[in-house]
Each structure stands twice: as C-alpha cells, then as structure tokens.
Amino acid sequence: MSDRYGDFVQSSIGKKVAKNLGLPLPVELDRFESGQRLVRGSVLIGRAKGDDQSLSQAVVNILSKLHAEVSSNADDSIKGLLDEAGVQAKTATNDDSKFKVLIFDASNVANTDDLKQVYEFFHKVARRVQLSGRVIVLGRPPEDLDDIEAALSQRALEGFVRSVGKEFKRGITAQLIYVAKGAEQNLDSTLRFFTSARSAYVSGQVIRIQAGSHVEVDWTQPLKGKSMLVTGASRGIGEAIAKVLAREGAYVIGLDVEAQKDDLEKLMDELKGTPLLVDITSDDAGATIAEAAKSIGGLDAVIHNAGITRDKTLANMDEQKWDLVININLASIAKINRYLFDNKVLNDDARIVCVSSISGIAGNMGQTNYATSKAGVIGLVTATAKQLETTDQGMTINAVAPGFIETQMTEAIPFAIREAGRRMNSLSQGGLPIDVAETIAWLASPASGGLNGNIVRVCGQSLLGA
Ligand code: NAD
C-alpha cells in the first residue's frame, strides 16, 4: 500500500515543506537483506562501573562473533573485556564521527547516583547516531532485586529508553533488555535482532530474558530443519511470516481458509512448503493440524497469525460481529493450543508466537470486539508462559502486538484515521508486514529459549497505549 506523504518528504522539496510546517519527517528505514552484514556500522559500547561483569562479557563475546567494528570510551572498564576477547576496539574520540549502534550495560546501576553514568554515556553521543541507528540498554529485571535502591534504578531505565526512542527520531530505535542473572548465555538471538535492521519498526520495548533452555544454532540459517505452521498465511502479515521463516531455513506449513486456496497454494509452491486448508474455528482444526504435522516429525513452531476485524461502535455491533471476532482471534487459538499440547504435536523446544495488537493494549474506538480478543491473546500468552516454565520441555510462548502495518486490513480504514494511525509513532510511518515477520522469526528461533511470556510491540513506538 502506498504512503504518498512518506514518499513526498523523501524529495528535497518535500523535506523543506515538511520542516517549515513542522510536519512529521519519516525517513526510509533500513531493512534486512540476505547476504548483508547484521550490524551495518560501528558500535559504541560502554558499561556502568561495578563488580558484575557477566552481562558485559556476554555482549563482548557476541560482538566478537559478529566481527563488528567496536569503539569504547577511553576510561571505560569495558576495554579490558574487549582486549581479553581479542576484539580490536577503537577508542572513541570527541570528534563528530557517528555510530550505528550504542550499547550500554547498566546492570551495575544500583542507586540514583549510578544513573548518572547512563546520562554521561548517552549525552555525549546523542547527536552522533546514524540514520536507522540502534540504542540498547541492558539491565537486570527489577522484580528480581530485593534492594529497593537497585530495583528503582533498574526500573528507571525504562523511562530513559522510552524517551530516547521518542527524541532521537531519524529511524533510530531504542530498547531496554533485562537479562536475569545466569541467563546471559541466552542474550545472543536478542542482541542480534536488536542491533540489526531486522528490528526496523520495533522501538521503545522492554524485553525480559530468562534462563530457559540454551540451543546452539547455525546463525546463517537459524531455523534450518525446523517445521513451522503459520495460520492466515496466504496474504498480508501471514504471507510475510511464511516467507521470512522459509528464508531462515524453516519448512513451512501455511494454513488458510478454502477461499484463499489459490493464493496459499501459489505461495507454498514458491516456498516449497505445504498448504493446509482449514478454518481455525472448525471443531477438527487441531486434529487436521496434528495430522499434517505427523508426517514431518511434529511441529517446532506455531504462529497464530490469522485474525479479522469487524469494527462497529458497541451500540451498533450485532452479536454476529462480536462472536466471529472472538472465535477467530482468540477462542480458536486457545482450543488449538490445548489440542496440540494434549496430543504431543509440539516437539521439545517448540515455540508458539501469537499475533495480538496494540488495540488489545490501548483499546480503540469501534473495536470492542477486536480489542477484547487481542487483549485476551496477551492473557493467554502470559498464563501459558507460566505453565510452560514448570515443564522441562524447553517450550516458550510469546506475542507480537503490531501497530499500524500497511496491509489490506489497514487499507480499509477511513483516510483521516488511517493517516493519524500511520504518523502517531516515533518513526512517523506505518510498518511493513516484513517488520512483524522478522520479529516473529526472532521469537520463533530455537536460540530464543530465554524469551517466554514477552509481549513485543511492533508499532514504531506508537502513542496508543504507550
Ligand atoms: P489479512 O486480513 O490481510 O490476513 C488475515 C489472514 O487470516 C487471511 O489470509 C485470512 O484468510 C486468514 N483467516 C481469517 N480467518 C480465518 C480462519 N477462520 N481460519 C483460517 N484463516 C483465517 O490481515 P493482516 O493485516 O495480515 O493481519 C494478520 C494478523 O495481524 C491478524 O491477527 C491481525 O489482527 C493482526 N494485526 C494486524 C495489524 C495491521 O495493521 N495490519 C495490526 C495489528 C494486528
């Protein structure tokens, strides 16, 4: 779908007009392309002073494997760790050289005085981040800390990161990654995702990494040998998910309704996957999926993407619109998951990723049915994640909550509301289906065993529900 305003402000005249009128100035976001380096530019890394080196150590090891171009400040104790890991890091100077990625390990921030180190690190370089740059702060989950000063300081990082996301603009994103003590080995897949162009439309997010199971992968094809089912796969976001999972090496079963047969078969033909025609609300949906999965040795991931809108204000909403949306978007997911768990269709270390929506977080005019269903999806993920923690099968469940994504679904929104939805975020533009798909591929990776119960918004830091 075309974004005429977005295209206009890419031109020099458009830029001038927008600037003079104080209008939003979206930049074209960097997006991942196969064969390109994951980190496209230099990384400035720093750490808060303190004894615990485990998180810094993990970051340095990952950057070393990525062969990233790394710099650090002259007086920063991260230098010793970089030397030990054999990373030939430069010393950052006060000139106007720019960075693509800023990473600060704030895990040692234990009181309000310590927070000053966060200010000092980022203040100096706030104007020196490249277009589509990345700002990443690492910390410890406040809920794991008994000391009140330590807990409040770690929680304070959230306000800092969310504000940076809103301030920096120019396609720059900011995230806070809380890593539980002892879970450092599970940071790899998350740091790769957030330092790269794969996370183009994800900003202002707080991610929690726990111990979980640790699985080594071939990073050139992290989903190789994995069988993954995508519902609603024939078009829009589902089509992009199927394509990205296949690109990353997965064998894809694409599910959709009979009416989408032609599109689905064409796509599965292209991806060398299997089309599965079934309505997810039908009584035998779980059994049909199980039957398809049997011949390929079970499922390693299920992506619950299929969903619909039937918008009306509550006073005007007939019963059928309520029932249809709740059944497709929520009840069917709960029912299918129950069947897959009860009948052992999911393999060890399987991943479930559900597609919620920022409507489910913020609520939305004319969407009582849709927002109820999507909030319910978050409830389902949170409750299931808790249960999965008690098993030893290494399974995880997470959700993405897209904001305004350019698809047939958003094309149906009236112009003025559509334009507002598209611009009311830190990146001043709508996201693309591939942005949701890349986020799902990260959560569905066998290497993401430390992520369980996360709700990740793919919304460019939308003001809705922020
Ligand atoms: P879409 O309408 O383009 O695609 C939805 C797909 O789901 C279609 O292929 C459809 O045939 C399939 N589907 C619908 N009912 C089904 C059923 N009963 N059984 C099997 N398949 C069924 O929508 P989209 O924009 O690609 O949205 C995909 C998901 O993302 C949905 O869950 C939607 O709620 C969510 N989402 C989208 C946006 C957005 O901006 N587009 C924002 C937030 C959330």
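## Here's the deal with the overall build of the chain
A count of helices and strands for the chain gives 16 helices and 14 strands. At 22 Å, the chain has a C-alpha radius of gyration in line with the 23 Å of a compact globule built from 466 residues. Taking the principal axes of the C-alpha coordinates as reference, the chain spans close to 65 × 55 × 45 Å. The buried share of the chain, taken over its 466 residues, is 55%. Considering only contacts within the chain whose residues lie at least 6 apart along the sequence, 74% involve residues at least 24 apart. A total accessible area of about 20,200 Å² is found for the chain, and carbon and sulfur atoms account for 51% of it. Averaged over its 51 positive side-chain charges, the chain has a centre that lies 6 Å from the centre of its 57 negative ones.

## Considerations on the sheet that holds strand S14 (residues 455–458)
Backbone-to-backbone hydrogen bonds join strands into a sheet, with any given pair of strands oriented parallel or antiparallel. On the basis of which strands lie adjacent, the open sheet formed by seven strands has the order S10-S9-S8-S11-S12-S13-S14 and parallel pairing. Each edge of the open sheet carries a strand with a single partner, namely strand S10 (274–277) and S14. Averaged over neighbouring strand pairs, the angle between their axes works out to 20° when direction is ignored. Here strand S8 (residues 227–231) pairs with strand S9 (residues 251–256) via five bridges, running parallel. Paired with Met228 across the two strands is Val252, which belongs to S9. Strands strand S11 (299–304), strand S12 (346–355) and strand S13 (396–402) of the sheet are contacted by helix H11 (residues 319–342), whose axis makes an angle of about 180° with S12. This element, helix H13 (residues 368–389), spans S12, S13 and S14 of the sheet and lies at about 160° to S13.

## Overview of the pairing of S12
Of all ten residues making up S12, seven are buried, and the element is well covered by its neighbours. Two elements, S11 and S12, share five bridges in a ladder whose sense is parallel. Note that in S12 the partner of His304 across the bridge is Cys354. Tracing the backbone out of S11, into H11 and back to the parallel element S12 gives a crossover that is right-handed. Where S12 and S13 come together, five bridges link them in parallel fashion. Paired with Val353 across the two strands is Asn398, which belongs to S13.

## A look at unusual backbone geometry
Even without being a glycine, Asp349 presents a positive backbone phi close to 60°. Relative to the assigned elements, Asp349 resides in strand S12. Of note in this structure, Gln461 is not a glycine but carries a positive phi near 60°. Structurally, the position occupied by Gln461 is in the segment after S14.

## Some points on the site of the ligand
Surveying the vicinity of the ligand reveals 29 residues, the closest of which are Arg235, Ile237, Asp256, Asn305 and Tyr370. Take Gly403: an N or O atom from its main chain is 3.3 Å from an oxygen atom of the ligand. A distance of 2.9 Å is found between an oxygen atom of the ligand and a backbone nitrogen or oxygen belonging to Ile405. The fraction of the free accessible surface of the ligand (830 Å²) that becomes covered by protein chains is 95%. Elements with a contribution of two residues or more to the shell around the ligand: helix H8 (236–247), S9, H13 and helix H14 (408–411). Along the lines of polarity and charge, the residues of the shell around the ligand split into 14 nonpolar, eleven polar and four charged.

## Examining the nonpolar core
Among the nonpolar cores identified, the biggest contains 72 residues, and Ile45, Ile103, Leu138, Ile177, Leu187, Leu245 and Ile303 are the most heavily contacted of them. Shared between two domains, this core holds at least three residues of each, these being domain 1 (31–209) and domain 2 (227–458). Aside from chain neighbours lying at most four places away, what touches Ile177 is Ile136, Val137, Leu138, Gly139, Leu187, Thr190, Phe194, Ile207 and Ile209. Counting 35 residues, the second-largest nonpolar core is a separate cluster that includes Ile253, Ala350, Val377 and Ala385.

## Some thoughts on H13
An ideal rise of 1.5 Å per residue puts 32 Å on 22 residues; H13 measures up with 32 Å between its terminal C-alpha atoms. The complete set of buried residues in H13 reads Asn369, Tyr370, Ala371, Ser373, Lys374, Val377, Ile378, Leu380, Val381, Thr384, Ala385 and Leu388. In this fold, the buried residues of H13 make contact with H11, S12, helix H12 (359–362), S13, H14 and S14.

## Description of the domain arrangement of the chain
How big an interface is tends to be reported as the loss of accessible area on association of its parts. By domain assignment, the chain separates into domain 1 (31–209) and domain 2 (227–458). Its C-alpha centre places domain 1 at a distance of 30 Å from the equivalent point of domain 2. Facing the 22 residues of domain 1 at the interface are 26 residues of domain 2. Approximately 1,900 Å² of surface area, both sides summed, lies buried where domain 1 meets domain 2, with 54% of it carried by carbon and sulfur atoms. Of all residues in domain 1, the largest losses of buried area upon contact with domain 2 belong to Arg31, Arg198 and Tyr201, amounting jointly to 35% of the total for that side.

Conventions we followed
- Residues numbered from 1 in each chain as written.
- Predicted model: local features only at pLDDT ≥ 70, side-chain atom pairs only at ≥ 80, totals over all residues.
- Heavy atoms only, no water.
- Helix = DSSP H or I, 4+ residues; strand = E, 2+ residues; numbered from the N terminus.
- Rg over C-alpha atoms; globule rule 2.2 N^0.38 Å.
- Buried < 20%, exposed > 50% of the residue type's maximum accessible area, 1.4 Å probe, protein only.
- Contact = heavy atoms within 4.5 Å.
- Areas by Shrake-Rupley, 256 points an atom, 1.4 Å probe, with all protein chains shown as cover.
- Lys, Arg positive; Asp, Glu negative; His and termini not counted.
- Charge placed at Lys NZ, Arg CZ, Asp CG, Glu CD.
- Pairing = 2+ DSSP bridges.
- Axes fitted to C-alpha atoms, helices over the stretch in contact; angles between N-to-C directions.
- Right-handed = clockwise from strand over helix to strand, strands pointing away.
- Near = heavy atom within 4 Å.
- Polar contact = N/O pair within 3.5 Å; in protein donor to acceptor, adjacent residues only side chain to side chain.
- Nonpolar A, V, L, I, M, F, W, Y, C, P; charged D, E, K, R; others polar.
- Core = buried A, V, L, I, M, F, W, Y, C linked by side-chain atoms within 4.5 Å.
- Domains from an automatic or database assignment.
- Expected span 1.5 Å × (residues − 1).
- Buried area = accessible area lost by both parts, 1.4 Å probe.

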